[in-house]
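# A look at the structure
Okay, here's what each chain looks like letter by letter:
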Amino acid sequence: MYRKTRPRVLVAVSLFIAVNIVLTRFCSISTPVVRLGFGFVPIAVCGMLYGPVWGGIAGGLADIIGAVLFPIGVYFPGFTISSMLEGAVWGLFLNEEEKGRWRLAAAVGINRLGIGLCLSTYWLTILTGASFAGLLTVRVTQTIIMIPVQYIVLYQIRRRISKLR
C-alpha cells in the first residue's frame, strides 16, 4: 500500500507541502514571534511515511513556497533551515514501525525545545535585534502549549498509520 515509487512519493510530498502551507498560513494563530497551529501535522506524516530526507525536503519547500506566496514578514532563510530540520527529525524518529512512545516524545522534544524554542528564537534575535532572553520568555508559552498538543495528535495519527500498514 505504501510502496515508495517515485511518482507516488512526489505527489504525496507535494500534497503534504500544500496542506502545510494552508494550515500554517491560514489556519493558525500567528504573531510576529509566536505561531500556534497544526501546520506540523503534514510534515510529520510525510516524515513518518517517507523518512527524514523527504520530511526535510517537504519542510524546507513548504517554508519557501509559503513565504513566497503568502508572506507574513520578511523572508529569512534561518526559518527554512529550522523547517527542514523539523521535517528530518520527524522522519528520523517516526519512520520506523516500532511503536515506542519514547521515539515520539524524543521527536516532539527535539522539535519543540531544540529547534522551535532555541534555534527559531535565535533566528528571531538576528532578524529583529531583540534580546534572546526577552524573546525566549514569550516563546516558552508557545512551547508549553504545543508539546502536549503535538504529542497527542501525532500519537493518534501514528496509531492509525500503523493499523494501515
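For clarity, every value in this text was computed on a predicted model and none was experimentally measured.

The rules behind these values
Residues numbered from 1 in each chain as written. Predicted model: local features only at pLDDT ≥ 70, side-chain atom pairs only at ≥ 80, totals over all residues. Heavy atoms only, no water. Patch = residues over 30% accessible without salt bridge, like charges linked within 9 Å, V, L, I, M, F, W, Y side chains within 5 Å. Areas by Shrake-Rupley, 256 points an atom, 1.4 Å probe, with all protein chains shown as cover. Salt bridge = Lys/Arg side-chain N within 4 Å of Asp/Glu carboxyl O. Helix = DSSP H or I, 4+ residues; strand = E, 2+ residues; numbered from the N terminus. Buried < 20%, exposed > 50% of the residue type's maximum accessible area, 1.4 Å probe, protein only. Expected span 1.5 Å × (residues − 1). Contact = heavy atoms within 4.5 Å. Lys, Arg positive; Asp, Glu negative; His and termini not counted. Charge placed at Lys NZ, Arg CZ, Asp CG, Glu CD. Axes fitted to C-alpha atoms, helices over the stretch in contact; angles between N-to-C directions. Parallel < 35°, antiparallel > 145°, perpendicular 65-115°, else oblique. Nonpolar A, V, L, I, M, F, W, Y, C, P; charged D, E, K, R; others polar. Core = buried A, V, L, I, M, F, W, Y, C linked by side-chain atoms within 4.5 Å. Phe/Tyr/Trp six-rings, centres within 6.5 Å; stacked < 30°, edge-to-face > 60°. UniProt positions renumbered as here; feature names shortened; annotations may be inferred.

Taken together, the side chains of Val22, Phe26, Val53, Ile57, Leu61, Ile64, Ile65, Val68, Leu69, Phe70 and Tyr75 present a nonpolar region at the surface, about 980 Å² in accessible area. Among the elements that line the nonpolar patch, the one with the most residues is helix H3 (residues 52-69), at 7 residues. Relative to the helices and strands, Ile65 resides in helix H3. Note on Ile65: relative accessible area 33%, which makes it partly exposed.

Under the 1.5 Å per step criterion, the end-to-end length of H3 is 25 Å for 18 residues, consistent within 8% with the ideal 26 Å. Where the residues of H3 are buried, they touch helix H1 (6-26), helix H2 (40-50) and helix H4 (77-94).

Turning our attention to a positive patch on the surface. On the surface, Arg101, Arg159, Arg160 and Lys163 cluster together to form a positively charged patch. For the positive patch, the element with the highest residue contribution is helix H6 (residues 132-164), accounting for 3 residues. Positionally, Arg101 belongs in helix H5 (residues 101-128).

Put simply, H4 and H5 touch, their axes get as near as 10 Å, and they point 175° apart. As summarised for this structure, H4 and H5 are arranged roughly antiparallel, according to the angle between their axes. Residue composition of the contact of H4 with H5, grouped by class: 18 nonpolar, 5 polar and 3 charged.

Membership of the largest hydrophobic core comes to 28 residues, with the highest contact counts inside it found for Val13, Phe16, Tyr50, Trp90, Leu94 and Leu154. Going through the elements one at a time, H1, H2, H3, H4, H5 and H6 are the ones with two or more residues in this core. Of the residues forming this core, the biggest block, 9 residues, is contributed by H2.

Here the focus is the packing of aromatic side chains. Tallying each qualifying case throughout the model produces 6 aromatic pairs. Aromatic side chains Phe26 and Phe70 sit 4.8 Å apart centroid to centroid with 75° between the ring planes, which places their arrangement in the edge-to-face category. Note that Phe26 is positioned in helix H1 and Phe70 in the loop between H3 and H4, a separation of 44 residues in sequence. Note on Phe70: relative accessible area 34%, which makes it partly exposed. A connected cluster of aromatic rings, assembled from ring pairs, spans Phe76, Phe79, Tyr122 and Trp123.

Turning our attention to the UniProt feature "transmembrane region" (unreviewed entry) in the chain. Under the feature "transmembrane region" (unreviewed entry), the UniProt entry names residues 6-24, 36-58, 64-92, 104-124 and 130-155. Secondary structure over residues 64-92 splits into 76% helix and 0% strand, and the C-alpha atoms at its two ends are 22 Å apart. Secondary structure content for residues 104-124 is 100% helix and 0% strand, and the end C-alpha separation is 27 Å.

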